[in-house]
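As a plain string of letters, each chain reads:
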Amino acid sequence: MAGLVFFLHCGTPCNTFTSAGKNDGGPPPLRFALEPMGLQELSEDNQALVLLGNIFLFRTVEACRLVFNLGGNFSIENPLLSLMWQTQAMQQLISETRALALDFDQCAFGAPSVKPTRLLCSTDLLDDVCVRCPGNHLHVQLKVRGPRAGKLIFRTKAAQIYPWALCASIAMNVTVIYEDALAHLSTTFCLTTPVADRKRELGSSKPWPGHRQADTALSSVGWLSTQAWGSMWSWSRAKPFALPCWPSTRLQWRLLCLIRLIKLCKI
Ligand SMILES: [Zn+2]
């Protein structure tokens, strides 16, 4: 709350938010897309696991919101298909901070399995991570049949370690944010166009001719400026007619509009 944290990364535990659990002999599903905060009928042990997962989610959202509101940035990492992204708390954080979803495959950074991952990030300066599997290597399966009664075993625990190249990519970009978060906009601020290519001298003024639409709008209510008269008649194919004098009363204005209508009808 002192504003000392300029960047917060949360690798929030995703074990209970996984969408990998199915009733196929492996760990049972604890959540569904329509019930991302946990299923209604769960054993006591599973209820405790879901509660713990929810606490991690709320603490993550709370901390990220705090850092962001104090001028910092954050990133939250979870599997691409994690049900954490579906929760109301996360949706609320996304809408408040306009955070971006940066999706990538961890195998592109040297991980043994594909591990499609999402980094929810409050800045686009980390978008170097958005690399998908190049398809030129073999993957280790994370869901395998065990030796006992063909029971499914998840080896996701081993895949929780971030590959080195991913850490390096994130760390380099976080350094950029720390040193100068607006560095990527520097060319915009530099006015890099050579002097010879500029239309005018820097700082010189240019007379503003006004909007043609403004005159049209004025003429539509029957209230015309001198300039509007000239420009309107030059647009139309009608011959310009000379005004005997500038109307000053309401009756004269009405007569003028009537004459104009007759002229227009003749066209
Ligand atoms: Zn791959």
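Let me begin by describing the structure that accompanies this report. Model, not experiment: these values are computed from the prediction.

Procedures and definitions
- Residues numbered from 1 in each chain as written.
- Predicted model: local features only at pLDDT ≥ 70, side-chain atom pairs only at ≥ 80, totals over all residues.
- Heavy atoms only, no water.
- Phe/Tyr/Trp six-rings, centres within 6.5 Å; stacked < 30°, edge-to-face > 60°.
- Buried < 20%, exposed > 50% of the residue type's maximum accessible area, 1.4 Å probe, protein only.
- Lys NZ or Arg CZ within 6 Å of the ring centre and 35° of its normal.
- Pairing = 2+ DSSP bridges.
- Helix = DSSP H or I, 4+ residues; strand = E, 2+ residues; numbered from the N terminus.
- Axes fitted to C-alpha atoms, helices over the stretch in contact; angles between N-to-C directions.
- Contact = heavy atoms within 4.5 Å.
- Donors = N, O, S within 2.8 Å, 3.2 Å for Na, K, Ca; no water.
- Tetrahedral: all angles 85-135°; square planar, octahedral: opposite > 155°, others 65-115°.
- Salt bridge = Lys/Arg side-chain N within 4 Å of Asp/Glu carboxyl O.
- Patch = residues over 30% accessible without salt bridge, like charges linked within 9 Å, V, L, I, M, F, W, Y side chains within 5 Å.
- Areas by Shrake-Rupley, 256 points an atom, 1.4 Å probe, with all protein chains shown as cover.
- Core = buried A, V, L, I, M, F, W, Y, C linked by side-chain atoms within 4.5 Å.

**Digging into the packing of aromatic side chains**
Then, in step 1: Inspection of the entire model under this criterion finds three aromatic pairs.
Then, in step 2: Summarising the aromatic geometry, the rings of F68 and F74 are spaced 6.2 Å apart at their centres and angled 75° between planes, so their arrangement reads as edge-to-face.
Then, in step 3: Ring centres of F104 and F109 lie 5.8 Å apart, and the angle between their planes is 85°; on these two criteria the pair is classed as edge-to-face. Side by side, F104 and F109 carry an identical accessibility label, which is buried.
Then, in step 4: We note R31 situated over the ring of F17; from NZ or CZ to the ring centre the distance is 3.7 Å.
Then, in step 5: Over the aromatic face of W85 sits the side chain of R118, whose NZ or CZ is 6.0 Å from the ring centroid.

**Some points on the sheet that holds strand β3 (residues 100–105)**
Then, in step 1: Sheet architecture is open: four strands sit in the order β1-β2-β4-β3, paired in mixed fashion. Strand pairing shows two members of the sheet lacking a second neighbour, β1 (7–10) and β3, which therefore form its edges. The average angle at which neighbouring strand axes cross in this sheet is 20°, direction not considered.
Then, in step 2: As paired elements, β1 and strand β2 (residues 73–79) share four bridges and run parallel to each other. Opposite F7, over in β2, you have N73 as the bridge partner.
Then, in step 3: Sitting on the sheet, helix α2 (residues 88–97) is in contact with β2 and β4 (116–121), with an inclination near 145° to β2.

**Some thoughts on the coordination of the zinc ion**
Then, in step 1: Within the protein, the atoms that donate to the zinc ion are C107 (SG), C133 (SG), H137 (NE2) and H139 (NE2), at distances of 2.0 to 2.3 Å.
Then, in step 2: Geometry at the zinc ion is tetrahedral, judged from the four donor atoms that bind it and their angles of 98 to 117° at the metal.
Then, in step 3: Mapping the donors of the zinc ion onto the primary sequence yields the spacing C-x25-C-x3-H-x1-H. Of this pair, C107 sits in the loop between β3 and β4 while C133 sits in the loop between β4 and β5 (143–145); the two residues are 26 residues apart in sequence, bridging distant segments of the chain.

**Quick word on the pattern of salt bridges**
Then, in step 1: Considering all chains together, one arrives at four salt bridges under this definition.
Then, in step 2: The partner of D103 in a salt bridge is R118, and the shortest N-O contact between them spans 2.8 Å. In this pair, D103 is assigned in strand β3 and R118 in strand β4, connecting sequence segments 15 residues apart.
Then, in step 3: Across the pair R132 and D105 runs a salt bridge, and its minimum N-O distance is 3.3 Å. Taken together, the residues span a long stretch of sequence, with R132 in the loop between β4 and β5 and D105 in strand β3 at a distance of 27 residues.
Then, in step 4: Residue classification places R132 among the partly exposed positions, given a relative accessible area of 43%.

**Concerning a nonpolar patch on the surface**
Then, in step 1: On the surface, L251, L255, L258 and I262 cluster together into a nonpolar patch covering about 400 Å² of accessible area.
Then, in step 2: One can find L255 in helix α7 (residues 250–266).
Then, in step 3: For L255, a relative accessible area of 46% corresponds to the partly exposed category.

**Focus: the nonpolar core**
General note: in soluble globular proteins, nonpolar side chains tend to be found buried as a group.
Then, in step 1: L57, C64, F74, I76, M90, L93 and L120 are the most contacted members of the largest nonpolar core, which has 16 residues in total.
Then, in step 2: In terms of residue count, helix α1 (residues 44–69) provides more of this core than any other element does, four residues in total.
Then, in step 3: When sequence neighbours within four positions are dropped, the list of residues in contact with L57 reads T12, F17, M37, M84, T87, A89 and M90.
Then, in step 4: Within the second largest apolar cluster, 13 residues are counted, among which are F7, F104, C121 and V174.

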